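A structural walkthrough
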Number of protein chains: 2
Amino acid sequence: MLTEDELIERFFAPAGSTRADVILGIGDDAAVLAPPADRQIVSTVDTINENIHFPAGLPARFIGHRAMAVNLSDLAAMGAEPAWATLSLSIPDSDEEWLSGFSGGLLELAARFGVALTGGDTVRGPLSICVNLQGFVEPGRQITRAGARPGDAIFITGTTGDAAAGLERLQAHTCSGPLVEKFLTPEPRVEIGRDLVGSASSAIDLSDGLAGDLGKLMKASGTAARLDLDRVPLSESILAAMDRDRARDLALAGGDDYELCFTLPKAKKGLAREIEEKYSVAITCVGEVIAGSGVMLCGEGADAGMPNSWQHFRQMKT
Amino acid sequence: MLTEDELIERFFAPAGSTRADVILGIGDDAAVLAPPADRQIVSTVDTINENIHFPAGLPARFIGHRAMAVNLSDLAAMGAEPAWATLSLSIPDSDEEWLSGFSGGLLELAARFGVALTGGDTVRGPLSICVNLQGFVEPGRQITRAGARPGDAIFITGTTGDAAAGLERLQAHTCSGPLVEKFLTPEPRVEIGRDLVGSASSAIDLSDGLAGDLGKLMKASGTAARLDLDRVPLSESILAAMDRDRARDLALAGGDDYELCFTLPKAKKGLAREIEEKYSVAITCVGEVIAGSGVMLCGEGADAGMPNSWQHFRQMKT
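The model shown is predicted, which means the values in this text are computed figures rather than measured ones.

Side note on the overall build of chain A
For chain A, the count of helices and strands is 11 helices and 12 strands. The C-alpha atoms of chain A give 20 Å as radius of gyration, which agrees with the globular expectation for 318 residues (20 Å, within 12%). Expressed as lengths along the three principal axes of its C-alpha atoms, the size of chain A is roughly 60 × 50 × 30 Å. Looking at the 318 residues of chain A, the share that counts as buried comes to 60%.

Observations concerning the interface of chain B and chain A
The extent of an interface is frequently quoted as the accessible surface area lost upon association of the parts. Across the boundary between the two partners, chain B contributes 53 residues, which contact 53 residues of chain A. In this assembly, chain B packs against chain A so that about 3,800 Å² is buried in total across both faces, 52% of it on carbon and sulfur atoms. Of all residues in chain B, B:Asp29, B:Ile41 and B:Arg124 bury the most surface against chain A, accounting for 17% of the area lost on that side. Counting across the chain B and chain A interface gives 4 salt bridges. Linking B:Asp28 and A:Arg145 is a salt bridge whose minimum nitrogen-to-oxygen distance equals 3.7 Å.

Details of the confidence of the model for chain A
Residues and elements named next belong to chain A. Per-residue pLDDT for chain A has a mean of 92; in total, 95% of the residues score no lower than 70. Scored below 50 in pLDDT, residues 312–318 shows 14 contacts in the model against residues more than four places distant or in partner chains. Interface confidence for the predicted complex, expressed as ipTM, amounts to 0.89; the pTM equals 0.92.

Some words on the relation of the copies chain B and chain A
Overlaying chain B on chain A yields an RMSD of 0.0 Å, the required transformation being a rotation through 180° with an accompanying axial translation of 0.0 Å. Taken together, the rotation and translation describe the operation of a two-fold axis. Closest to the rotation axis within chain B is the C-alpha of B:Ala37, separated from it by 3.1 Å.

Description of the side chain of A:Asp46
Relative to the helices and strands, A:Asp46 resides in strand E3 (residues 40–49). The buried charged residue A:Asp46 lacks any salt bridge, with A:Arg145 as its nearest oppositely charged partner at 8.5 Å. Excluding residues within four positions of it along the chain, A:Asp46 makes contact with A:Val70, A:Asn71, A:Asp74, A:Ile129, A:Cys130, A:Val131 and B:Asp121.

Re the nonpolar core
Among soluble globular proteins, nonpolar side chains are generally buried collectively. Counting 66 residues, the largest nonpolar core has A:Phe102 and A:Ile129 as the members making the most contacts within it. Here this core takes 12 residues from helix H2 (residues 60–78) of chain A, the largest share from any one element. Excluding anything up to four places from it in sequence, A:Phe102 contacts A:Phe12, A:Ala60, A:Arg61, A:Ile63, A:Gly64, A:Leu87, A:Leu89 and A:Ile129. Within the second largest apolar cluster, 65 residues are counted, among which are A:Ala30, B:Leu7, B:Phe54 and B:Met78.

A look at the sheet that holds strand E9 (residues 224–228) of chain B
Residues and elements named next belong to chain B. Taken in spatial order, the 6 strands line up as E8-E10-E7-E11-E9-E12 in an open sheet, and their pairing is mixed. A strand with exactly one partner marks an edge of an open sheet, and here the two such strands are strand E8 (202–206) and strand E12 (294–298). Along the sheet, successive strands turn relative to each other by an average axial angle of 25°, direction set aside. Taken together, the 4 bridges between E9 and strand E11 (residues 283–290) define a ladder with antiparallel strand orientation. Each bridged residue has a counterpart across the sheet, and for Arg226 the counterpart in E11 is Glu288. In the packing of helix H7 (residues 210–221) onto the sheet, contacts are made with strand E7 (153–157), E8, E9, strand E10 (259–264), E11 and E12, and the angle to E8 comes to roughly 155°.

Observations regarding the sheet that holds strand E2 (residues 31–33) of chain B
Read from one edge to the other, the open sheet built from 6 strands follows the order E5(A)-E4(A)-E6(A)-E3(A)-E2(B)-E1(B), with strand pairing classed as mixed. The open sheet terminates on both sides in strands that have one partner only, identified here as strand E5 (116–124) of chain A together with strand E1 (22–24) of chain B. For this sheet, the mean angle separating the axes of adjacent strands, direction not counted, is 25°. For strand E4 (residues 81–91) of chain A and E5(A), the ladder comprises 8 bridges, and the chain directions are parallel. Bridge pairing links A:Ser88 to A:Asp121 in E5(A). This element, H2(A), spans E3, E4 and strand E6 (128–137) of chain A together with E1 and E2 of chain B of the sheet and lies at about 145° to E3(A). Along the sheet face, helix H3 (residues 96–112) of chain A touches E4, E5 and E6 of chain A and points at about 160° away from the line of E4(A).

Quick look at H2(A)
Over its 19 residues, H2(A) runs 28 Å from end to end, which matches the ideal 27 Å to within 8%, given 1.5 Å per residue. Most of H2(A) sits inside the fold, with 18 of its 19 residues counted as buried.

A look at the packing of aromatic side chains
Residues and elements named next belong to chain A. Inspection of every chain in the model, using the stated rule, returns 8 aromatic pairs over all chains. For the ring pair Trp98 and Phe102, a centre distance of 5.0 Å and an interplane angle of 10° mean the geometry is stacked. Within this pair, Trp98 and its partner Phe102 are both found in helix H3, separated by 4 residues, close to a single helical turn. Cluster of aromatic residues (ring-pair linked, three or more members): Phe12, Trp98 and Phe102. Lying over the aromatic face of Phe183, Arg66 brings its terminal NZ or CZ to 4.3 Å of the ring centre.

Digging into unusual backbone geometry
Trans peptide bonds make up the majority, and among non-glycine residues the majority have a negative phi. Phi is positive for A:Tyr258, close to 55°, though the residue is something other than glycine. A residue is classified by how much of its surface remains accessible, and A:Tyr258, at 9% relative accessible area, is buried. Located in the positive-phi region is B:Asn51, a residue other than glycine, with phi close to 75°. As for its position among the elements, B:Asn51 is in the loop between strand E3 (40–49) and helix H2 (60–78).

Examining the environment of B:Ser88
Structurally, B:Ser88 can be placed in strand E4 (residues 81–91). Residue classification places B:Ser88 among the buried residues on the basis of a relative accessible area of 3%. In this structure the C-alpha to C-alpha distance between B:Ser88 and B:Ser100, which are 12 residues apart in sequence, comes to 16 Å. Excluding anything up to four places from it in sequence, B:Ser88 contacts A:Val45, A:Thr47, A:Cys130, B:Asp121, B:Ser128, B:Ile129 and B:Cys130.

What about the environment of B:Arg231?
Residues and elements named next belong to chain B. In this fold, Arg231 is placed in the loop between E9 and helix H8 (236–241). Arg231 gets classed as partly exposed once you look at its relative accessible area, which sits at 37%. On a C-alpha basis, the gap between Arg231 and His173 in space is 32 Å, while along the polypeptide they are 58 residues apart. One polar contact links the side chain of Arg231 to the main-chain carbonyl oxygen of Cys285, over a distance of 3.4 Å.

Describing the pattern of salt bridges
Applying the stated criterion across every chain, the model contains 40 salt bridges over all chains. In this structure, the salt-bridge partner of B:Arg66 is B:Asp256, at a minimum N-O distance of 3.6 Å. Taken as a pair, B:Arg66 in helix H2 and B:Asp256 in the loop between helix H9 (244–253) and E10 lie far apart in primary sequence, 190 residues in all. You can call B:Arg66 buried: its relative accessible area is 1%. B:Asp256 gets classed as buried once you look at its relative accessible area, which sits at 1%. Between B:Asp257 and B:Lys182 there is a salt bridge; the shortest N-O distance is 3.8 Å. Taken together, the residues B:Asp257 in the loop between H9 and E10 and B:Lys182 in helix H5 (residues 178–184) connect sequence positions 75 residues apart. In this structure B:Asp257 comes out as buried when scored by relative accessible area, which is 1%. Overlapping salt bridges, with partners in common, bring together A:Asp38, A:Arg39, A:Glu138 and A:Arg194 in one network.

Thresholds, definitions, all that
Residues numbered from 1 in each chain as written. Chains lettered and ligands numbered in written order. Predicted model: local features only at pLDDT ≥ 70, side-chain atom pairs only at ≥ 80, totals over all residues. Heavy atoms only, no water. Helix = DSSP H or I, 4+ residues; strand = E, 2+ residues; numbered from the N terminus. Rg over C-alpha atoms; globule rule 2.2 N^0.38 Å. Buried < 20%, exposed > 50% of the residue type's maximum accessible area, 1.4 Å probe, protein only. Contact = heavy atoms within 4.5 Å. Buried area = accessible area lost by both parts, 1.4 Å probe. Salt bridge = Lys/Arg side-chain N within 4 Å of Asp/Glu carboxyl O. pLDDT = per-residue confidence, 0-100. Least-squares fit on C-alpha atoms with pLDDT ≥ 70 in both. Lys, Arg positive; Asp, Glu negative; His and termini not counted. Core = buried A, V, L, I, M, F, W, Y, C linked by side-chain atoms within 4.5 Å. Pairing = 2+ DSSP bridges. Axes fitted to C-alpha atoms, helices over the stretch in contact; angles between N-to-C directions. Expected span 1.5 Å × (residues − 1). Phe/Tyr/Trp six-rings, centres within 6.5 Å; stacked < 30°, edge-to-face > 60°. Lys NZ or Arg CZ within 6 Å of the ring centre and 35° of its normal. Polar contact = N/O pair within 3.5 Å; in protein donor to acceptor, adjacent residues only side chain to side chain.

Quick look at the structure:
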């Protein structure tokens, strides 16, 4: 088995010095970083574990991609520009083919968003990956969960439910197609988050399902949401794979999409169309912020009530 | 089982706002932090796993202490001032008594060193704790592993081998005494690290054993060390517990002491005595940096050669 130092040097050290603000990268007791003078730091941490966040046996490059993507998605929701990451990797053994695939998936996505890996730690144990990601935001300009106001319009990027549908197909041994792709390689909406700075009144990333995450957004803002089921977009792929009722359930309660849900004051609604055109990503108004608390469903299917949450879906599977 | 949000709010959120530079703490997609204008950031990550870094069944407050201490020790070796931490906690279930003890041990040590917990993540899984710690250093003033020069004196803080001896006793069901204490509640040498800034030519923290870690220090500096076995200090406790040869083996190859090993140019050797008096911690010169590579043993017992490394000790135990 490679020692920890050999392993980090071989698979991860090349990524330690791709930014000028990394004064000292991987290889000492700690890294030294020079933050820009006119920015604040946005910091997040997310761990993904085998059998909890991804099925056992998933090819390593998708695990590496996912570990970076879920953290990039958190920064996207804050409107931050990603910069530096650390990795703590717990692995049962140092299989070099696995490590090569894993580091490839992680570093490719990191490079796409200008992220330097500044520190690493490997331990022997059950497969678990902890990434800490930091980025920058103009002082006071971060988008939080707490700024939504009654009258604001609620938007989501892309479509939801696809990743959950993809995971179902993967677990049924279907290994390709757009739904499976959506689960395997979530695309963090970093640029869109940056473009929302100064306009969005609140934002959250959709990791646990639209209904639940929108509920968290409203709770933090002290407001309620009217969520119009007729407007929740369903992808062609999910409609080709299952009936509309089931697709809508997954769109509301399925997790892992890593789309953004955000609110825009009425005067700034036009930004949604601009972003849609700039990135060729659907930006859909799915409802409105109202006074009160909770998430009210309206439109066709609202009488069926809220589907079970994603946690519930997941727990049935493990 | 508590949800992730409930768990973080209950056990960890109170620690999220104890510093004025934490603009937004635990509870959103990410934290927002304001770095001081005239400092660089020092960042480290360390994970500790049950059965690898600590024995199963260890009381939770010692696990919490350890998770923070090992990271504080890394910053100490860089001469940095600790500031912000994130925690990713993988736990098999949310036992509230365990969580209370764990958060107590972690937050007490964090508070002692002025560290605010700015983000948290909990997942279900085998017990594993990943802490990412950040601190500040004056630009260009960090102490690295790479600055030792022939003629520099090599120092260590405190004594080594005690933690390894303590772990042995703990595994033999002796649960108290200074050796066991040394393993259970390692004391990171943060203030000493700060005082070494501008004087030490290199430093490393002793997590894997004096001989091996000194070897890493010399490798990074492109130098060799002459390590004088007659000068390696042995505590009264370790000498009361075992014969001198065995104690010296543990002092060289036993891990988990979290003392500092550092080098001082001859002109600055006086600082060692000043630090010793200021903190009532023994600061001992154990050898000298010389030209070459590797670690040369001299003094009584040198003929016996280097004992097996700490990794080897550990692997025998698991």
